[in-house]
Structure formats: structure tokens, C-alpha cells
Amino acid sequence: MNSIVACGPCELDRLHVTVLESDIPRAARLLSILRSLGIHQLSVVSGLQDLSLQLSQTQVDVLVTEIRPASNDGLMLPSALKMHYGSACSLQSPRILWLAEPLLPFTELVEQHTAPRPRRTSPPTRGEGISVKALDAHAQLACAAGFIATTLYSFNAQAVCDAMHALFAMPKIANRPLHARNDVPSEDDVIIALATGEGLRVVFQPQHDLRTGEIIAAEALVRWRHPEYGDISPVVLIPLVNKLGLHLLLFSFVKARVLEVLCSLQSMQMEIPISVNASVDTLCTVGFSARLGDRMMRAGLPNHLLKIELTEDIPVMDELCLSAALNALKIRGFGVSLDDFGSGSATLRQIARMPFDEVKIDGALIRDLDTKPTARRVIATTLALARRLNMTVVAEGIETESCRILLRRLGCTNGQGFVLSRPMEVSDFLSKLTAQRQSSVPPMPFSSAPDVVRDI
Ligand code: C2E
Ligand code: MG
Ligand code: MG
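Keep in mind that this is a model prediction, so the values were computed, not measured.

So, about helix α16 (residues 373-388). When the terminal C-alpha atoms of α16 are compared, their 23 Å separation across 16 residues agrees well with the 22 Å that a helix rising 1.5 Å per residue should span. Within the span of α16, buried status applies to T374, A375, R377, V378, I379, A380, T382, L383 and A386. Directly after α16, the chain includes N390, whose backbone phi takes a positive value near 60°.

If you want it as C-alpha cells, here you go:
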């Protein structure tokens, strides 16, 4: 029987681990950590070609690789393994541990500036050169394809040891019938869906005034129902779309649905701005804002009703290009928003340098508000900074009433989250807005909270 299948959590010393790393000092660091865990069957390969040779000569149980800007060959491991073994589900296929150097999360940066104290081990939000969300999504995709893979944002020996054990706690490859793990959408499925629109739809999540409960805006979110596998999360779909270079097609699909809704609202004499998510690649496409402007004009809609949210799934490589694209949108009157601030790759630098008129605080940070004083300080600081930069703040991912009240006390007026409204189908969204207009009383009479920003 293969050692992968037989290995229990305490049998690290039986494993053969291969490190994929071209930088000698970094390889040595990884080897030293692995040796400290009692792993002695170790080898190093510097690239994917060497790996193939190594795999044909030795049974490798785990592949460890570090992802950083200058070295991201490791992201291709699933494809390389699939090519080598002919299937993701091969018994021989090693498990994968993706490591990334943790960068200081925004919360810790603020904490260090406000009150020096011993560092806590709060989870990082970004590995060097790649956002945690993106690398985690990649690992999720690999697992869905039948690989056993995990991510780690620490080079601490104990953390590596825990990650190794976690890899072996995952379902055994041997128990999976070979055909059963093909239940993920193929690239062809994505291409067909985007080309035909089949299975794709757009839902709308209202954004509320946290003082009155009134719906003041909304975000458009794509949904994909695969004919065989059912609902596929955007977290899986978006990386595939980006990988295939189909981001403009997706944007165009979502924008078309949003324009239809804006036209319906206009015919009911209602004006609610709607945001569409777009990656930096979409925004930086030549002529993007001009085409968008033409499209709005043809639809008879004012540009201020459409907002573009810069998502963090692709890192910003060319700040000048992004700045030009954002300015071109603003000149035409479109709103521009920075998504996922405080958690993803959205940074203070982007807020300070780019002409955003809205910043959305990431749900991960908002969800910590109830329990972590640090989150409260970061949110208060972001609100103060946004006020100075004349930007609106939207708190995302509000899940509890207590969180909404805390946000109000901090002076945050705009919010989005399950406790306010879940993403909804177009018809429900339009009905909710109609009901809001017909009602003289606000739809959610929230308890009043003092409209002040506290010194935290
Ligand atoms: P996002 O743009 O930050 O969107 C907010 C996500 O948070 C949505 O997930 C929404 O359903 C979820 N959410 C809203 N309120 C809550 C809450 O109270 N608690 C929790 N736990 N989650 C909440 P969704 O729809 O799965 O989308 C995930 C991400 O996928 C989006 O994050 C965005 O980055 C991307 N995405 C979604 N639709 C599109 C699209 O049309 N185009 C592009 N480029 N990206 C999209
Ligand atoms: Mg968004
Ligand atoms: Mg967001």
C-alpha cells in the first residue's frame, strides 16, 4: 500500500518530502524546518521539469513549495502532477503544501503604530505577492479537482507540522473512485457558460443606511448554476474566468443585467446606484470607461448610477495604469470603489494614491468587531482616514445586530451584510425597493445610536 494512504498523523518520519525551490538559501530554510519535524527523506528540485524526473524515480508523499512574486512555479503543481500521473486522483500523486511569507495584516500595522505591544498571531491577510484569498481559492480549486492540498502563511516549525498533519487528515485518496473527482467545472464549461450565458445570473445585495435601514445602493454579484454540479461559488468561478482571460466577458454579462435593472428602476422613478465588481485587468482595458459611457448613454442612464468596485483577485502591477483608468471613470461620472479593504490586497497606499470615492471594509474585519478591540481601532481609523480623503465607507459582511450598532457608534453610516439583506434575485430586489418607496416608515426601524465617532 502507498505510504500516503497508510500514514497517520504521527508518522512524519516515514514521509518523503520534496521541496520545489530554486533559491538555495530559501530551500535550505525549508529543509531545516522539515528536518526539525523528524523528516529525513528530503529532496529539492528547482523547477517543474526537474520535478517530473524526480517523480519518475521516487515516490514523493508531500511537495512543499513557497509562493512569492519572483517564484510562483508552485502554483502550477496541480497541472504538472496531472500531466505526470494522467489524473489528479492517482494514488501516487503527492499532497501539496503551499507556503507564503506572511505580510503584516493591516490590523497589526495600525496596532504597531498606535500601541506597541507583543505581536499576536492573528492570521495574515496576504502572503508575499499573493492575497490569502487568491491562494486559498487556488488550493480550494485543487482540492475540488481531486488533489490534497493546503496553504500556510507561517514558517514556524509547529505550524508546518500542524499543516502536514492536516494534509494527512484529509480524505484518503485511495477511497475515492477515480471518476468521482471530476465533479468540478472544466475550463470548457466556463467558456460555454460565458459565451452563452447559460446557467449564469446576477443577484443583488442591497446596501443600507445604518441609521434608518433604508436601501441606498446595491452590489451585483454573479451566480453560476452548473447543469451537473449545481451552484458554483464565485470564489471558484472568478479565478477560472481570470485564468482563461474571460474577465471582460463576465463584466459585460453582469453589466448588461445591471443596466436592465437600472432601466427598470428608472421607469419606476427610482434611482439606486449599483456596483459591479471588476478586476484591475478589466479596468485597465484600453477604452474601458469610454465604452461604458457609450453604453450608459444608449441606455439613457446617468453614469453616476453605476459604480465600479475594484476587486482584489488580481494584484495591481501597474499603478499608473490603474490610476489612469480610475480617473477616466471618475471624469465620466462613474463611482469607483475599493473592495475588501483591511483584509485582501487593498492597501493604505491604494487608498492614499488612487482616486477612489468609496472604500469597502472587508467582512472578515467587520466580523471581528464584536470580539476584537483591534478590529474596532482599525475600523475607526479607516473611517477617520476616509473622512479626511472625502471618501464614503461601506462596511461589508455585517452579520449581527450588535455589529451594526457598534458600526453606527463608530460613525459608519453605510453597510451591507446578511443581517440587513441577503443577495436577492432581481424580482425580489425590485419588490423590496417598491415596498420601501411605498412605505412612509423606513423598512428596518433600527434602534437609534449616537451619531458620533468615538475616540478609540
Ligand atoms: P465581494 O465583492 O466582496 O462581495 C461580497 C461577498 O460577501 C459576496 O460573496 C456576498 O454574498 C458575501 N456577503 C455579503 N454579506 C455577507 C455577510 O453578512 N456574511 C458573509 N459571510 N458573507 C457576506 P459572493 O457573492 O460569494 O462573492 C465572493 C466574491 O466573488 C466577491 O466578493 C467578488 O470579489 C467576487 N465576485 C462576485 N461576483 C462577481 C462578479 O460579477 N465579477 C467579479 N469580477 N467578481 C465577482
Ligand atoms: Mg465587491
Ligand atoms: Mg468585498
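All right, on to the coordination of the magnesium ion (ligand 2) then. Reference values for angles at a metal are 109.5 degrees in the four-donor tetrahedral case and 90 or 180 degrees in the six-donor octahedral case. Protein-derived coordination of the magnesium ion (ligand 2) comes from E219 (OE), N277 (OD1), E309 (OE) and D339 (OD), at a distance range of 2.0 to 2.2 Å. In terms of primary sequence, the donors binding the magnesium ion (ligand 2) are separated according to E-x57-N-x31-E-x29-D. The two metals, the magnesium ion (ligand 2) and the magnesium ion (ligand 3), are separated by 4.0 Å and share D339 as a common coordinating residue. Residue E219 is located in strand β9 (residues 215-226), and its partner D339 is located in strand β13 (residues 335-341); the two are separated by 120 residues in the primary sequence. Considered together, E219 and D339 belong to a single accessibility category, that of buried residues.

Every one of the 22 residues lining ligand 1 counts as a neighbour, but E219, R223, D339, E399 and F418 are closest to it. Within the side chain of R223, one N or O atom sits 2.8 Å away from an oxygen atom of ligand 1. Between ligand 1 and the protein, one listed contact pairs an oxygen atom with a side-chain N or O atom of E396 at 3.3 Å. Contact with the protein chains hides 84% of the accessible area of ligand 1, taken as 790 Å² for the molecule alone. No other element matches β9, which puts four residues into the shell around ligand 1. Residue classes in the shell around ligand 1 are distributed as nine nonpolar, five polar and eight charged.

As a further point, take the packing of aromatic side chains. Counted under the stated rule, the structure contains two aromatic pairs. Between F204 and F429 the ring centres are 5.3 Å apart and the planes differ by 10°, which places this aromatic pair in the stacked class. Placement of the pair is F204 in strand β8 (residues 200-209) and F429 in helix α18 (residues 426-438), with a sequence separation of 225 residues. Positioned over the ring face of F155 is R29, at 3.9 Å from the centre of the ring. One cation-aromatic arrangement involves R257 over F253; the distance from NZ or CZ to the ring centre is 4.6 Å.

Taken in spatial order, the five strands make up an open sheet running β2-β1-β3-β4-β7, and their pairing is parallel. The sheet is open, and its two borders are formed by β2 (41-45) and β7 (149-152), each paired with just one other strand. Ignoring strand direction, the axes of neighbouring strands in this sheet form an average angle of 20°. Inspection of the sheet shows strand β3 (residues 62-67) paired to strand β4 (residues 95-100) by six bridges, in the parallel sense.

What follows is about the packing of helix α10 (residues 247-267) against α18. One can describe the packing of α10 onto α18 by two numbers: an axis separation of 11 Å at closest approach and a directional angle of 30°. The pairing of α10 with α18 is recorded here as roughly parallel in orientation. Helix-helix and strand crossings are classified by hand; for α10 and α18 the assignment is right-handed. Residue-level contacts link V261, S264 and L265 of α10 to V426, F429, L430 and L433 of α18. A per-class count over the contact of α10 with α18 returns six nonpolar, one polar and no charged.

Right, let's get into helix α12 (residues 288-299). Given a rise of 1.5 Å per residue, 12 residues ought to cover 16 Å, and the 17 Å separating the end C-alpha atoms of α12 matches this to within 8%. Along α12, the residues that are buried comprise F288, S289, L292, G293 and M296. Buried positions in α12, seen along its axis, are confined to an arc of 130° and lie on one side of it. Exposed and facing more than 90 degrees away from the buried side of α12 are M297 and R298. G300 sits one or two residues past α12 and shows a positive phi near 70°.

Criteria and cut-off values
- Residues numbered from 1 in each chain as written.
- Chains lettered and ligands numbered in written order.
- Predicted model: local features only at pLDDT ≥ 70, side-chain atom pairs only at ≥ 80, totals over all residues.
- Heavy atoms only, no water.
- Helix = DSSP H or I, 4+ residues; strand = E, 2+ residues; numbered from the N terminus.
- Expected span 1.5 Å × (residues − 1).
- Buried < 20%, exposed > 50% of the residue type's maximum accessible area, 1.4 Å probe, protein only.
- Donors = N, O, S within 2.8 Å, 3.2 Å for Na, K, Ca; no water.
- Near = heavy atom within 4 Å.
- Polar contact = N/O pair within 3.5 Å; in protein donor to acceptor, adjacent residues only side chain to side chain.
- Areas by Shrake-Rupley, 256 points an atom, 1.4 Å probe, with all protein chains shown as cover.
- Nonpolar A, V, L, I, M, F, W, Y, C, P; charged D, E, K, R; others polar.
- Phe/Tyr/Trp six-rings, centres within 6.5 Å; stacked < 30°, edge-to-face > 60°.
- Lys NZ or Arg CZ within 6 Å of the ring centre and 35° of its normal.
- Pairing = 2+ DSSP bridges.
- Axes fitted to C-alpha atoms, helices over the stretch in contact; angles between N-to-C directions.
- Parallel < 35°, antiparallel > 145°, perpendicular 65-115°, else oblique.
- Left-handed = near helix turned anticlockwise from the far one by under 90°.
- Contact = heavy atoms within 4.5 Å.
- Arc of directions from axis to C-beta.

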